[in-house]
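Descriptive analysis of the structure
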Amino acid sequence: MAKKQILLINDMAGYGKVATAAMLPILSYFGLPTYNLPTALVSNTLDYGKFNILDTTEYIKGVFPVWKRLGFRFDAIATGFIASEQQADIVSKYCLEQHQSHTTIFVDPIMGDEGKLYNGVTPNTIRSMKEMLAVADLCYPNFTEACYLTGSEYRPQGVSSTEALRLVDALRAIGPKSVLITSIPVDGQPSVVGYNAQGEQYFSLGYDEIPVHFPGTGDIFSAILIGHILNGEPLVDATRKAMDGVYKLIDLNKDNEDKNRGIPLEQFLDVL
C-alpha cells in the first residue's frame, strides 16, 4: 500500500531543530513522503534573542497556482507558524480546497506559550488562526493558545477536569473535527486533553514534566502524532506515543549545553 503524502506548511529555521527542520526528519523516518512550503525563513531559533526573518507570502502566492496546474495533491497537510494575516487567508483557502478533495488537515496554531503571545502575534493573527481551525480535521493548540482562541482566561495553575472539557468544547465550536490541548495542568497534573470525533470520546492523558526547556518540542510532538495517525493508529494511541516520544527525547538530551538549538533529532530517531 502506498504511503500517505504529507505537505508541511511551517517556517524553516536555518540554525536549530524547530518547525519544518524538526518535523521533516521524523516524518521521513516514519516512511511518509514529506514535502514542504516554508511560511517564513528564520535565521535561527528565536531563543537566541537575535534573529532575522523573511516572510514568504509573496513566494507562496506563486506556488499554489503552479502546483494546481501540475496537479499536485497531498493526502495530508500540516500547518504551523503562519507569518501574517494575508498568509493565513491564502493558506486557509488552499487547505479548504484540498479538504474538499479528502485531504486531512492538521493545524498547530502556533501563537504563544506560558500565558503570553509570541512577538508579532496580533488580535488579527488570532482571527486568522480561527480560519485555519475551521477547516481542520485535528487541531492541537497548547493551553495558552487554546485560551486566546476561545477568549478564555489563562491561569498558570491550570484548570479542573470540567473546565478542561469546556475549553475543548469551545475549540470544537470554532469548527475542527477533533481537538487536543497540550501542556495543560488538569487538577494539578500536566496533561493533554482532547476530543476524538471518530469515537465521539473525550480523553485526558497525564505526563511527567522534565524541568528543562528546548525549542521545537511542540513540532516534535506534532510530527510523531501525525506519523502514527497517517500510519493508521487511533488518535488516543497516537497522542500517547507522541507524548512518550517527546519525553524520551528530552530525557536523552537534558544535559546538552546549548539547548537553544533544539534537540539533535537525527541521532535519536530510533527511540521513536
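This section reports on the structure supplied with the text.

1. Focus on the nonpolar core
- Judged by nonpolar contacts, the single largest core of 41 residues is most densely connected at L7, L37, W67, I181 and I184.
- The element that contributes the greatest number of residues to this core is helix 3 (residues 85-100), accounting for five residues.
- Setting aside residues no more than four positions away along its own chain, I181 makes contact with P141, N142, F143, A146, L167, V168, L171, S191, V192 and V193.
- Counting residues in each nonpolar core, the second largest holds 37 residues, with I26, F106, V246 and L269 among its members.

2. Thoughts on the packing of helix 7 (residues 217-230) against helix 8 (residues 235-253)
- The N-to-C vectors of helix 7 and helix 8 enclose an angle of 140°; their axes lie 8 Å apart at closest approach. In terms of orientation, helix 7 and helix 8 fall into the oblique class. With respect to the hand of their crossing, helix 7 and helix 8 are arranged in right-handed fashion. Taking contact as the criterion, the partners of T217, I220, F221, I224, L225, H228 and I229 in helix 7 are, on helix 8, L235, A238, T239, K241, A242, M243, G245, V246, L249 and I250.

3. Points about a nonpolar patch on the surface
- A cluster of nonpolar side chains, namely L46, F51 and I53, defines an oily patch on the protein surface of about 270 Å² accessible area.
- Turning to its location among the elements, I53 is positioned in strand 3 (residues 53-55).
- The class of I53 is partly exposed, set by a relative accessible area of 41%.

4. Remarks on the packing of aromatic side chains
- Using the criterion set out here, one finds seven aromatic pairs in the structure.
- Ring centres of F143 and Y154 lie 4.9 Å apart, and the angle between their planes is 40°; on these two criteria the pair is classed as tilted. Note that F143 is positioned in helix 5 (residues 143-150) and Y154 in the loop between helix 5 and helix 6 (161-172), a separation of eleven residues in sequence.
- Above the face of the Y195 ring, R172 is positioned so that its terminal group lies 3.6 Å from the ring centre.

5. Some thoughts on the sheet that holds strand 5 (residues 104-107)
- Spatially, the nine strands line up as an open sheet ordered 3-2-1-4-5-8-9-10-11, and their pairing is mixed. Pairing within the sheet leaves two strands with one partner each, and these edge strands are strand 3 and strand 11 (201-206).
- Inspection of the sheet shows strand 8 (residues 138-139) paired to strand 9 (residues 178-186) by two bridges, in the parallel sense. Directly across from L138, in strand 9, lies its bridge partner S178.
- Here helix 8 sits on the sheet and contacts strand 8, strand 9, strand 10 (189-196) and strand 11; the angle it forms with strand 11, its principal contact strand, is near 15°.

How each quantity is defined
Residues numbered from 1 in each chain as written. Predicted model: local features only at pLDDT ≥ 70, side-chain atom pairs only at ≥ 80, totals over all residues. Heavy atoms only, no water. Core = buried A, V, L, I, M, F, W, Y, C linked by side-chain atoms within 4.5 Å. Buried < 20%, exposed > 50% of the residue type's maximum accessible area, 1.4 Å probe, protein only. Helix = DSSP H or I, 4+ residues; strand = E, 2+ residues; numbered from the N terminus. Contact = heavy atoms within 4.5 Å. Axes fitted to C-alpha atoms, helices over the stretch in contact; angles between N-to-C directions. Parallel < 35°, antiparallel > 145°, perpendicular 65-115°, else oblique. Left-handed = near helix turned anticlockwise from the far one by under 90°. Patch = residues over 30% accessible without salt bridge, like charges linked within 9 Å, V, L, I, M, F, W, Y side chains within 5 Å. Areas by Shrake-Rupley, 256 points an atom, 1.4 Å probe, with all protein chains shown as cover. Salt bridge = Lys/Arg side-chain N within 4 Å of Asp/Glu carboxyl O. Phe/Tyr/Trp six-rings, centres within 6.5 Å; stacked < 30°, edge-to-face > 60°. Lys NZ or Arg CZ within 6 Å of the ring centre and 35° of its normal. Pairing = 2+ DSSP bridges.

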